[in-house]
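Inside the fold
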Amino acid sequence: MSKVVFIIATPNPISRLKGITDYFHQQLVSRGIETATIQVTSLPAEDLILARWDSPAIAEANALVESADAVVIASPVYKASYSGILKTYLDLLPQKGLVNKIVAPLFIGGTIAHLLSIDYSLKPVLSAIGARNFISPIYATDNQVTRSQDDSVSFSLADELVERLDRSIEELVSDLQLRSR
């Protein structure tokens, strides 16, 4: 069975990014794919900031990545790049931590102006730690994800965004199936 690990790097637990990652996750689970999640904000801040490679929490997160066939990397865009907390965690992945992994970037930003942040800021860093196989990335804008106005945390995704997510999910599932043969 294939395994996909989500690395979610948003400091806001009810970020619109959650709407995208929840949808992606549900679609994978419905196809029988095993998933796990690393919520980077749940890792000890001191271990991240002080680059404690030997931290049990960091070692556990890295073991999840190592056991994965694919990694979904999800981040909001701040100042034309991914979140700083994502970078602090990526710095603690082993040098070849993404070798032979399928990588699925999921970003959300305030405007389309930062669409290329995946190609210009994220992919070079991921390539430095061994990533070579990227599926079509998703960049969404805040207006494509609507948060509910009641006490529950639920989201509504724009039809166009759902179509792009579905295509990326199919691409990921297809790549996973090819690998398992």
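Remember, predicted model here, so these are calculated numbers, not experimental data. (Residues numbered from 1 in each chain as written. Predicted model: local features only at pLDDT ≥ 70, side-chain atom pairs only at ≥ 80, totals over all residues. Heavy atoms only, no water.)

1. Structural notes on helix 5 (residues 117–128)
Between its terminal C-alpha atoms helix 5 stretches 16 Å, which fits the 16 Å expected from 12 residues at 1.5 Å a residue. S117, I118, S121, L122 and L126 are the residues of helix 5 that are buried. The buried residues of helix 5 occupy an angular sector of 120 degrees when projected down its axis, which confines them to one face. At its buried positions, helix 5 is contacted by strand 3 (70–78), strand 4 (81–82), helix 4 (84–90), strand 5 (102–109), strand 6 (133–134) and strand 7 (138–141). (Helix = DSSP H or I, 4+ residues; strand = E, 2+ residues; numbered from the N terminus. Expected span 1.5 Å × (residues − 1). Buried < 20%, exposed > 50% of the residue type's maximum accessible area, 1.4 Å probe, protein only. Arc of directions from axis to C-beta. Contact = heavy atoms within 4.5 Å.)

2. As for the pattern of salt bridges
Counted under the stated rule, the structure contains seven salt bridges. A salt bridge links R164 to E160, with the shortest nitrogen-to-oxygen separation between them at 2.6 Å. You can see R164 and its partner E160 sitting in helix 6 (residues 159–180), four residues apart, about one turn around the helix. Look at E160 and you get partly exposed, because its relative accessible area is 37%. Ionic contacts of the salt-bridge type, sharing partners, join the residues E46, D47 and R52 into one network. (Salt bridge = Lys/Arg side-chain N within 4 Å of Asp/Glu carboxyl O.)

3. Overview of the nonpolar core
Counting residues in each nonpolar core, the largest one holds 31 residues, and the members touching the most others are I7, I38, V65, Y89 and L126. Within the residue set of this core, elements represented by two or more residues are strand 1 (3–8), strand 2 (34–39), helix 3 (56–67), strand 3, helix 4, strand 5 and helix 5. Within the second largest apolar cluster, 28 residues are counted, among which are I8, L28, A104 and I169. (Core = buried A, V, L, I, M, F, W, Y, C linked by side-chain atoms within 4.5 Å.)

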